[in-house]
Structure formats: C-alpha cells, structure tokens
Amino acid sequence: MSLIDYFPGDSSIHKLDPRVKVVALLIITVSIFIISNFFVIAAFFLACLAFWRVSGLPFKKIKVFLKFLLSLFTFLTLMQALFLPGEHYLLNPLIPKSVPLIGGLGRISLDGIVYGLLLSLRLLTLVLFMPLVTMTTEINTLALGLVKMGLSYKIAYMTTTAINIIPTFQNETQVIMDAQKMRGLTVFEKGRMLDKFKAYPALVVPLVIGAMRRAQLMGVAMDARAFGAAKTKTFINDISIGFLDLVALVAVLVFCGIGLAFNFIL
Amino acid sequence: MAEIIIKIENLSYRYPRTKKWVLKDINLEIKQGEFLAVMGENGAGKTTFCQCINGVIPHSQRGKMKGRVIVAGINTVESSVSRLAQQVGMVLEDPETQLFTTRVRDEVAFGPENLNMPVPEILERVSWALKDVRLEQHADRQPTALSGGQKQRLAIAAAIAMKPKILVLDEPTSQLDPVGTEEVFTVIKALKDEYGMTVIIATHKSEEIAKFADRILVLKEGQVQALASPQEIFSNTKLLKENWIRSPQVSELATYLAEQGCPLSSFPILPQEAIRLLTHWYEEAET
Amino acid sequence: MSDSAIKIENLSYRYEKGSLALHNINIEIKKGEFVGIIGQNGAGKSTLLKNITGLLRPTTGRVQVNGRDTINVPVSDLALEVGFVLQNPDRQLFAATVMEEVAYGPKNMGLSQGQIKERVDYALNAVGLSHLREAFPPALSKGDRAKVVIASVLAMGPQIIILDEPTSGQDYRGCYQIMDIAQEFNKRGHTLLVVTHHMALVAEYTNRTVVLMNGSVLMDASTREVFSHPDKLKMTHITPPQITQVARALQPRIPLSGTILNVKELGDELLALKGKKRGRVGSAG
C-alpha cells in the first residue's frame, strides 16, 4: 500500500546512483512547479508513467492511492471552476449580479475547470515521481548517497529513518483501526464525516504512543551498536557514478529544459 | 578459576524526574564465561539492570545512578557507550525495533561500520557472525522477510560482529514461537561454548534456563533476592512464590511430591534426570 | 444449532499476494467450550481469527457466529458477539483513565450512562482492577495494561471471547491471572478461544485443542487427545508440555493411565500408584 517501501528489482532505475536520483527528482519537482501549461505537464505525466514501466514497479500500488487522490482532485477542480474568474462560462450565474455582495457567484467557468485539472495533474505527477526514487533505492544506499553529497551521516540516517517511518505508520494505522473496530467503534465502517473526525483520538493516541515507544527502543538499539561513535562511518556498500548515471542526469536536464522552454513559449 | 568480568558495586538507579529507585543497592560479580539468567516479575528491574551493563544507563538514559559498574575493567560511567559496545553486545525483546537496514548483511555490518572499521575487516566479521548464527544463506535477504527466530538470530549476529566479550539479552524470546525460542537458545549456548562468551539473559523461560544457566539472579523491586544455581533457586518454594517465578514442571512435580511426604532422592530441574529419579523412586522397595 | 457459537464451513482464504492462507477449514465450536488454537507461526492462526471477527471475509466457504452468517455483518457489530483481545494491548489504549478506556465499548454501543457505569464496574471487578479506575493506562505495568484491554472487551458483553497470544510479554503472574479470568468467564458460560504457544497453559485450561498446520486443521480433538500424539505434533514443531513428555517417557516402567496434562495430575497418580504398590509389597511380604 505504501509508495515508500523498497521494492526489489533489477531495472536500470534501480541501478542508478542514488545521488543522481535525488538530484533528478529535485530538478523535476521544481520544473513541475514552474510549468503551467497543461500539455507540458501532461508530457511529464506520461514520461512518469513510462519510467514506472521501465522500473518494474507495480502499477497496482498507484490504484489505491488514486482513489484517495480522486476525491481531492474533484474538490480542487470544483473550487477552481466556481471561483476562478475567466472568459468562458459554461453556466450562467445562479445568483444574479444584482444581489449585493454575493452577486455573481455560482457560475462555472471553463477556465476554472481547466485550471483545476492542471493543478490536479501537477499534484498527481509530483506524487508519482517520488516512488521512483524511494521504491527503487534501499535505505542504506540512500543514506550513503546523502552522506556523499555532504550530509553528516547522523542527519542522513535521521532523514532515511523518517522516510521509513511512514510505511510503518500506515501499517500501524490499519492495525489500530481494526483493533478499535473490534471494540464496537462503528464510525470507520459506517459513520458520517464529522463522527469520523471525533473518533480520531482513538486512532492517533495509540499511534503516537506506539511511535514514541518504538523510537525509544530504537535509540537504545542504535546506541548498543555504537551509532554516533566515530566522526565518519564506513559503508560496506559503495556507490559510484557511472556513465549511465550521467546520461540519465543529462537526459532529465534536457527534458525539463525543453519542457520549460515550451512552457514559456506557449 | 575464571576471572571476574563484571563487577557491580552498590548500584542504584532511578529514572529522570521520578522518585522511585528502580534498582537498589545491587552488589554482584559475574565471572567470565558465565551464563547468568536474570529473573523476576515484570517491573522488578531486569531491563534496567541489563541497560546498566552496556552503558545505555547512564549515558543514553539520564536519571540518577549511584555506585559503579565495572565491565571488563572499564567503568561504565567513565566510558562512552560506543567503547562499551565493543565489550557488551545487546539484544532486545522486539525484533522489529532493533533491525534498521534492508539487507541481512548490512544489518550485521552496521555496528562495525559505526566504529569506522576498514571495509575488508567488516566483511570478514559479517561472514563469521552470520556463520555463527547459521544465517549465511540468508545474507542477501531483507530482514523483514525473516521469521521471528531468524530475526533474533540476526540481532545476535549484529551484536557479536562487534566482538564483545559479553552478550546481554533482554527477553529475546518472548515474542517468538517455540521453534524460534529453541533456535535462539541453541545459538547462545554455542557462542558460550565456542568463544567463552559471558551471557546475561533476562527471561521467564524456566525450562530453558534450567538447561543452560550457571546461576540465576532474582530481582524484586530493584533488589537482589537471590543469586544461586538453578538447582537452589528452583527448589526454593518460598522464593519462587514471592517472586512469581515458575520453576520447570519437573521441579514443580518434585516439590509437590515432597509436600505430600514422598520426596525424590534429589531435586531435578531437567526432564532426563526427573525421569531417572522418578523411575527409581517408584521402583525402590519400601522398607 | 442454537448452541453453536462458531461454525466454520469449508473456509478458504487467499491473500491479495496470492498465497492460500487457509485451506478448507471446518470447525464447529459450541457455546461454553474453551478451545486452544495452536500451530507454528504462519500456520494461519491470525488469518483464522480475522475471518471469525470479520476483519477478513472468506474467499470461499462461510463463517457463522451464534448461528448467523457473518458475511455482511460489519466488524463493529460482530464485536458485540465476539470479543477480541489483541496480542499487543498498547494498540488499543488511548483514553486518559482506565475507566474511560473500559467505557469506550459500551459507549459505542449507545448504552445509557447508568448502563455504561454498570458494565464498567462489572468488567473492572472481573479483572481485579477496580482500584485503578482513575489510573493513566500507559503508566501501568504490562500485565495491568493487558487487563485493561480485557476489561474493555468484557464490558461489551460478548458471548465469545478470543485471546490472541495473551501471554506474550507477560510474566508468570500476568499469564496466569489472564488465564484465570478467562476460566472464570468460561465457567459463567462464555465461549473461550485462546491462541497461544504456551503449551502448559493450553494443557491446563482448555478442554479442546485445534492444531493448525499450513492453513489446514491437523488435529481437532480434546486437549488430552491432542497431546497424546506427540509424533503428529512434531510434524508442525510443537512439543507437549514438559510434564506430558516426562509422563510419556515413564510409561514403560510406570503404569500411568493415559496422557498427563498437568503437574498435579502426574503427582497424584504417581502417589496413588506407589501407594498401591506399597500395599502389594506389604501384603506379599
């Protein structure tokens, strides 16, 4: 269910140096934020899907996520459709302009719909590029990459541990939800939105307490293995930037460059 | 005569911002190569005791510590946890929280990596540590894919990769099934036999303890209640009752028969000797 | 079938990832039974329990609880009939006081204030925690935390109570206190299911044992009967309690009547046999 857990594989993306992957992700992310042309974003989206195919990551992981995102996107699009001023209107204002203050509201603009869709696609693409790094890179390798990029290994491990916590949390949440369902907590199965909110302490408190307990135990375990003892840490796995990595990096730069160019021209 | 490897003098400890002393005035000496079991009800201070030996207390856990703990000649207060980690390996109860990496081999390498050892030496240590716990064929697997017993054996490998003289295990089998439990105890025994490793294990598993332990330390509310051989501990009904310790079933039987006025000729803690004694007890003619 | 508590017919369950976790399981548990479910890790014990409580739905076959098919019953409704005590109590504790924690279930059931108080008092009394009603649950000992969870399940008044590895992380006192509570409720007519690795407890408390192996039922018989077949149990790496094994080893030389389940049984029988022998020796002399 999680888009973060390492998914073993042999693809060229798996084999890329983690530093290249991180940098590439940053470049792509920034580009996506800047680009506002719908077709260019669509190109990025398709490229992302292509990468997924190459990496061998299972598409069904996206499915679960999509369901959740779909409602968010609908909401976004609707908001934009209702409130973004534009030139082409699909529906005339429900409330006539003559009414003070709220006059003019209730119209659905075409520009709004398009913008809403753009925002949604942007978000979707961003979200889908991340697993290409997190799911194809082992935690240790990622930590090593961060260290080689200049981070102290303590911070690198903090980062990777934080990233790794998320799937654990997701798992725990499900377990806790099941546990509370078995105490007659009906809201998760058939409650209204508001009731669901009121029930959240039953979910959040065990999660947080569990996390704190786990963190404390992890701390003891890490100390027992001398974490933090030396200024620098050896890594038995080495990473090196090869020809393929450079090609990949250049390819990403070129792609984003072209995308940005088109964005400003169109 | 084996030398003393751990010396504990007037050890008392309380957690930060609490008034209650979790350990009270503990004095004891542990010999090199000894297999010491730490028993007592939950809350007696077993975990705290274990953490005082590898330096987690007082370095990672603040709080107030009185007295001293000398491990392999090093005073735990004056030495860093990392230096102590090379003398004392630690295995915790929950396999999940003490495994941090995505590959068995990397997990074992973690400790030596932290000590900034050169790569060839680390690889060598990984190799024999995995061999010692019989996980060599799993070296490239993900730790999450292992069974409970395998995970704990991995934790042991990760601890011994630092080449400690002492191995401390805090309830290592409480989350495991019988198969896993047996795997873990077998490995621990092998380590003791082969390397003369000193083993300190906090556990409730009386029947395994009867097989392997040289001495049992019984703690209650932070104080030493007894420090004696399994024979002496498991035959001490009063002590067992007060500390909610279950003796091996054969010992329970021996106690029961004695209470009914028909004791065995000696007190068994192991099934084989019990069978022998019971057969003898049954067959001996009455005078 | 009014006295049927749980009826599992041809239950098979396949996880998304494809492995068949349960394979054509048929078990019927009548009201008032105390059943132990044992098996190696991975044998399907948790999967079976989840199918009973509704967290998982059968791939094929069906599960009936108290005579009713569970197929479309939401988990939270089933919880009123099947109480499930998790292995790790910390996954459920979230309230500020023990009392609030135990009241949670009854509150969800929509009971009145008076009824809730009654249930809470009853449950806390049953587990012996009445003196800790105002305590902060995370600060309690592991044994007490487990008891709080048990109380919170008991407060909902389910007929069937399932304990999943109740001894994990507990000391001797905790284990036995929990099992004694279970036994007390069994005496009052509740149906008890316990999943555990602790064979001595299975032998002492349960009257029937189901052994699972690789998703199928290997044995389903009275506890005594199950522990009479150590070779079969060995196939799934289960060994009977030490005392049972010792009694069995004594059999050729000492004429014990059958499979022994606990220390007292063996002790009493040995004493009786020795007494008889002594009598014979005396009279022969």
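Not measured: the values here are computed from a predicted model.

Chemist: With reference to specific residues and values, describe the packing of helix H4 (residues 104–114) of chain B against helix H5 (residues 119–132) of chain B.
Modeler: Residues and elements named next belong to chain B. The interhelical angle for the contact between H4 and H5, taken along N-to-C directions, is 130°, at an axis separation of 9 Å. The angle between the axes of H4 and H5 places the two elements in the oblique class. Crossing handedness for the pair H4 and H5: right-handed. Residues Arg105, Val108, Ala109, Pro112 and Glu113 of H4 form the contact with H5, whose own contacting residues are Ile122, Arg125, Val126, Ala129 and Leu130. Residues that form the contact of H4 with H5 fall into these classes: seven nonpolar, no polar and three charged.

Chemist: I'd love a proper account of the sheet that holds strand S1 (residues 4–14) of chain C, names of residues and values included.
Modeler: All names here are of chain C. The antiparallel open sheet is built from four strands, whose spatial order is S2-S1-S4-S5. Because the sheet does not close on itself, it has two edges, and the strands there are strand S2 (20–30) and strand S5 (68–69). As defined by bridge partners, S1 adjoins S2 across seven bridges and the pair is classed as antiparallel. Each residue of the ladder has a partner; that of Ile6, found in S2, is Ile29.

Chemist: Hey, could you go over the interface of chain B and chain C for me, with residue numbers and the actual values?
Modeler: Residue-level contacts link 32 residues of chain B with 34 residues of chain C. For the side of chain B that touches chain C, the secondary structure elements donating two or more residues are helix H7 (178–195), helix H11 (249–259) and helix H12 (271–283) of chain B. Of the residues assigned to the side of chain B that touches chain C, the class counts are 16 nonpolar, 10 polar and six charged.

Chemist: How would you summarise helix H12 (residues 243–265) of chain A if you had to cite specific residues and measurements?
Modeler: Residue and element names in this part refer to chain A. Taking 1.5 Å of rise per residue, 23 residues should cover 33 Å, and H12 covers 33 Å from first to last C-alpha, within 8% of that figure. All buried positions along H12 are accounted for by Asp245, Cys256 and Gly259. Buried residues belonging to H12 abut helix H2 (18–34) and helix H3 (38–55).

Chemist: Report on unusual backbone geometry, specifying residues and quantitative values.
Modeler: That bond from Ile57 of chain B to Pro58 of chain B is cis: its omega, 15°, falls within 30 degrees of zero. With a phi close to 55°, Trp244 of chain B is a non-glycine residue in the positive phi region. Summarising the element assignment, Trp244 of chain B is placed in the loop between helix H10 (237–242) and H11. For His237 of chain C, which is not glycine, the phi torsion reads 60° and is therefore positive. Mapped onto the secondary structure, His237 of chain C falls in the loop between helix H9 (230–234) and helix H10 (242–250). Judged by the 16 C-beta atoms lying within 10 Å of it, His237 of chain C falls in the partly exposed class.

Chemist: Describe the pairing of strand S7 (residues 160–164) of chain C, listing the residues and the values that go with them.
Modeler: Residue and element names in this part refer to chain C. Burial analysis of S7 places five of its five residues in the buried class, which makes it a mostly covered element. Neither face of S7 is open: one carries Ile160, Ile162 and Asp164, the other Ile161 and Leu163, and all of them are buried. Across four bridges, the pairing between strand S6 (residues 82–85) and S7 is parallel. Residue Phe84 lies in a different strand from S7, and its bridge partner there is Ile162. Direction of pairing for S7 relative to strand S8 (residues 191–195): parallel, over a ladder of five bridges. By the bridge assignment, Asp164 is partnered in S8 with Val195. This β-α-β element, S7 to helix H6 (residues 172–187) to S8, shows right-handed connectivity.

Chemist: Please set out the interface of chain A and chain B residue by residue, giving values where relevant.
Modeler: In this complex, chain A contributes 22 residues to the contact, which on the side of chain B involves 30 residues. Only helix H7 (139–148) and helix H11 (200–224) of chain A provide two or more residues apiece to the side of chain A that touches chain B. Looking at which element gives the most residues to the side of chain A that touches chain B, the answer is H11 of chain A, with eight residues. Its residues placed into classes, the side of chain A that touches chain B shows 13 nonpolar, four polar and five charged.

Chemist: Tell me about the packing of H2 of chain A against H12 of chain A, and name the residues and values.
Modeler: Residue and element names in this part refer to chain A. Between H2 and H12, whose axes approach to 10 Å, the crossing angle comes to 5°. Here H2 lies roughly parallel to H12, going by the angle between them. Where H2 approaches H12, its residues Val20, Val23, Ala24, Ile27, Ile28, Ser31 and Ile34 are matched on the opposing element by Asp245, Ala248, Leu249, Val252, Leu253, Cys256, Gly259 and Leu260. Grouping the constituent residues of the contact of H2 with H12 by class yields 12 nonpolar, two polar and one charged.

Conventions we followed
- The residue numbering used here restarts from 1 in each chain and proceeds along that chain's sequence as written.
- Both sets of labels track the order of writing: A upward for chains, 1 upward for ligands.
- Predicted model: local features are reported for residues with pLDDT of at least 70 only, side-chain atom pairs are reported and counted for 80 or more only, and whole-chain, interface and lining totals are derived from all residues.
- As a rule, the C-alpha atoms of each element are fitted with a line to give its axis, helices using only the stretch in contact, and angles between N-to-C directions run from 0 to 180 degrees.
- Runs of H or I in DSSP of at least four residues are treated as helices and runs of E of at least two as strands, each being numbered from the N terminus.
- Between 65 and 115 degrees an angle is taken as roughly perpendicular, under 35 as roughly parallel, over 145 as roughly antiparallel, and anywhere else as oblique.
- Crossing handedness is defined as follows: a turn of the near helix away from the far one that is anticlockwise and smaller than a right angle gives a left-handed crossing, while the clockwise case is right-handed.
- Each residue gets a C-beta atom placed from its backbone, and two residues are in contact if those atoms lie within 7 Å.
- In this count, Pro and Cys sit with the nonpolar residues alongside Ala, Val, Leu, Ile, Met, Phe, Trp and Tyr, while Asp, Glu, Lys and Arg are called charged and the others, Gly among them, polar.
- When DSSP locates at least two bridges between a pair of strands, those strands are taken to pair.
- Given the number of residues in a helix, its expected span is that number minus one, multiplied by 1.5 Å.
- We call a residue exposed when 12 or fewer other C-beta atoms sit within 10 Å of its C-beta, buried when the count reaches 20 or more, and partly exposed for counts in between; the C-beta positions come from the backbone.
- By convention, a crossover is right-handed whenever its connection, traced from the first strand over the helix to the second and viewed with the strands pointing away, goes clockwise.

Function cannot be inferred from these measures alone, as they are strictly geometric.
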